[in-house]
Amino acid sequence: MLPAKNNIIVKTKDSNYAIFNPLSGSFDIMDKHEYDMLEKIGSKMPVDSEFLDYLLERGYAYNT
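Okay, so let's go over this structure. (Residues numbered from 1 in each chain as written. Predicted model: local features only at pLDDT ≥ 70, side-chain atom pairs only at ≥ 80, totals over all residues. Heavy atoms only, no water.)

1. What about the packing of aromatic side chains?
Aromatic ring pairs: the centre-centre distance and the angle between the two ring planes describe each pair. Spelled out, the test is: Pairing of aromatic side chains here covers Phe, Tyr and the six-membered ring of Trp, requires ring centres within 6.5 Å, and sorts the geometry by plane angle: under 30 degrees stacked, over 60 edge-to-face, intermediate tilted. Secondary structure counts use DSSP, requiring at least four H or I residues in a row for a helix and at least two E residues in a row for a strand, with both numbered from the N terminus. Burial status follows relative accessibility: with a 1.4 Å probe on protein chains alone, a residue under 20% of its type maximum counts as buried, one over 50% as exposed, and anything between as partly exposed.
Considering all chains together, one arrives at one aromatic pair under this definition. Judged by centre distance (4.0 Å) and plane angle (5°), the rings of Tyr17 and Tyr35 are stacked. One end of the pair, Tyr17, is in strand β3 (residues 17-21); the other, Tyr35, is in helix α1 (residues 32-40), and 18 residues separate them in sequence. The burial state of Tyr17 is the same as that of Tyr35; both residues are buried.

2. Brief notes about the pattern of salt bridges
Rules: Counted as salt bridges are all cases of a side-chain nitrogen of Lys or Arg within 4 Å of a carboxyl oxygen of Asp or Glu.
For the structure shown, the criterion picks out two salt bridges. We note a salt bridge from Arg58 to Asp28, for which the minimum N-O separation is 3.0 Å. On the criterion of sequence distance, the pair formed by Arg58 in helix α2 (residues 49-58) and Asp28 in strand β4 (residues 26-30) is long-range, its members being 30 residues apart. According to the relative accessible area criterion, Asp28 is buried, its value standing at 15%. Two residues, Lys32 and Asp36, come together in a salt bridge whose shortest N-O distance is 2.9 Å. Of this pair, Lys32 and Asp36 both sit in helix α1, four residues apart, which is roughly one turn of that helix. Relative accessible area serves as the criterion here: at 44%, Lys32 is assigned to the partly exposed category.

3. Here we look at α1
Note the cut-off: As used here, the arc belongs to the directions running from the helix axis to the C-beta atoms. For this analysis, a polar contact is any N or O atom pair within 3.5 Å, provided that within protein one partner can donate a hydrogen and the other can accept it, and provided that sequence-adjacent residues contribute only side-chain to side-chain pairs.
Those residues of α1 not exposed but buried are Tyr35, Met37 and Leu38. Angular distribution of buried residues about the axis of α1 spans 160°; they occupy a single face of the element. Measuring from the backbone nitrogen of His33 back to the side-chain oxygen at the start of α1 gives 3.2 Å, which picks out Asp31 as the cap. Just downstream of α1, Gly42 is the residue with a positive phi angle, here 95°.

Pasting the structure below:
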């Protein structure tokens, strides 16, 4: 699985992260833990499968 190259991620004032994907039109707020999991995609480190499904559904990641 790979993160989408067109994701725009910005740290917010309250130390969360705003993620926007202009192609899918998705916008979400992530906490630090979710941001860290997103950063692990594509590495050999395990990532929660439910979170991966959400990223795929929202267009923030792709299988290939």
